[in-house]
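# Examination of the molecular architecture
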Amino acid sequence: MGTQAHHPEDQTVRQYRFLLRTAPLDALQAAHHEALDHLDDSQCALVLAAVRDGLVAGQRLAPGDTGAIARLVSIGERRDPRAFLDACDPTVLHALADAVNQAEAAFGLFSGYAAWDGSDPGPRESGVDHGGDGAHEANGVQVNTARELARIHAAQTGVGAGGLGF
């Protein structure tokens, strides 16, 4: 679903994608939290940059906020498949994927991997949860995702371009 051309996928990243698509959300968040705690500061900063770029979230977080970053990656990839993955530096993605796959919280979650076709689901239609139906209207147009809202805001105000202003 992403915009980048996809080359033959690294086995570690493919296993990680399987977890992103199939693991229970609480286990996925715990595995990410554990994995982020094992990455160095520069790698965590690059993961956070990918969250900001791909998921349009985490603007007020610091690289040390591993619990919040873990939550954003886990939930964001469920809502908008490949958004984080495509925004993440390939070397850092591999390191994160390896750490998540090896995390204690991921133990036993690979059941069904051999039969998985590797496909990514389409983006969820529910959009951002604002306590209502998740949809908003901007300039008379129905908008369903945070990314769409951020783009409209940036186009209207010039604020937010390049990740600034949020």
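Structure shown above.
Residues numbered from 1 in each chain as written. Predicted model: local features only at pLDDT ≥ 70, side-chain atom pairs only at ≥ 80, totals over all residues. Heavy atoms only, no water.

The subject of this paragraph is the overall build of the protein. For the protein, the count of helices and strands is 7 helices and 2 strands. The order of helices and strands in the protein, counted from the N terminus, is α-α-α-α-α-α-β-β-α. Taking all 166 residues of the protein together, 38% fall into the buried category. Summarising the internal contacts of the protein: among those between residues at least 6 apart in sequence, 65% fall at separations of at least 24. Carbon and sulfur atoms provide 52% of the accessible area of the protein, an area that totals close to 9,000 Å². (Helix = DSSP H or I, 4+ residues; strand = E, 2+ residues; numbered from the N terminus. Buried < 20%, exposed > 50% of the residue type's maximum accessible area, 1.4 Å probe, protein only. Contact = heavy atoms within 4.5 Å. Areas by Shrake-Rupley, 256 points an atom, 1.4 Å probe, with all protein chains shown as cover.)

Moving on to the environment of Phe110. Considering the arrangement of structural elements, one finds Phe110 in the loop between helix 6 (90-102) and strand 1 (136-138). The exposure class assigned to Phe110 is partly exposed, which follows from its relative accessible area of 25%. The spatial distance from the C-alpha of Phe110 to the C-alpha of Thr22 is 8.8 Å, given a sequence separation of 88 residues. Setting aside anything within four residues of it in sequence, one finds Phe110 in contact with Gln15, Phe18, Leu19 and Asn101.

Moving on: helix 6. With 13 residues, helix 6 should reach 18 Å at 1.5 Å per residue; the first-to-last C-alpha distance of 18 Å fits that figure. Those residues of helix 6 not exposed but buried are Val92, Leu93, Leu96, Ala97, Ala99, Val100 and Asn101. Buried residues belonging to helix 6 abut helix 1 (11-22), helix 2 (25-38), helix 3 (41-55) and helix 5 (83-87). Between the side-chain oxygen at the start of helix 6 and the backbone nitrogen of Thr91 there is a gap of 3.0 Å, and the oxygen is on Asp89. (Expected span 1.5 Å × (residues − 1). Polar contact = N/O pair within 3.5 Å; in protein donor to acceptor, adjacent residues only side chain to side chain.)

Let us now look at helix 1. Since the α-helix packs 3.6 residues into each turn, any two residues three or four apart lie on the same face. The first and last C-alpha atoms of helix 1 sit 16 Å apart over 12 residues, in line with the 16 Å expected at 1.5 Å per residue. For helix 1, every residue scored as buried is listed here: Thr12, Val13, Tyr16, Arg17, Phe18, Leu19, Leu20 and Arg21. By the N-cap criterion, in which a side-chain oxygen at the helix start approaches the backbone nitrogen of a residue two or three places on, helix 1 is capped by Asp10, the distance to Thr12 being 2.6 Å.

By themselves, these observations are geometric and do not establish any function.
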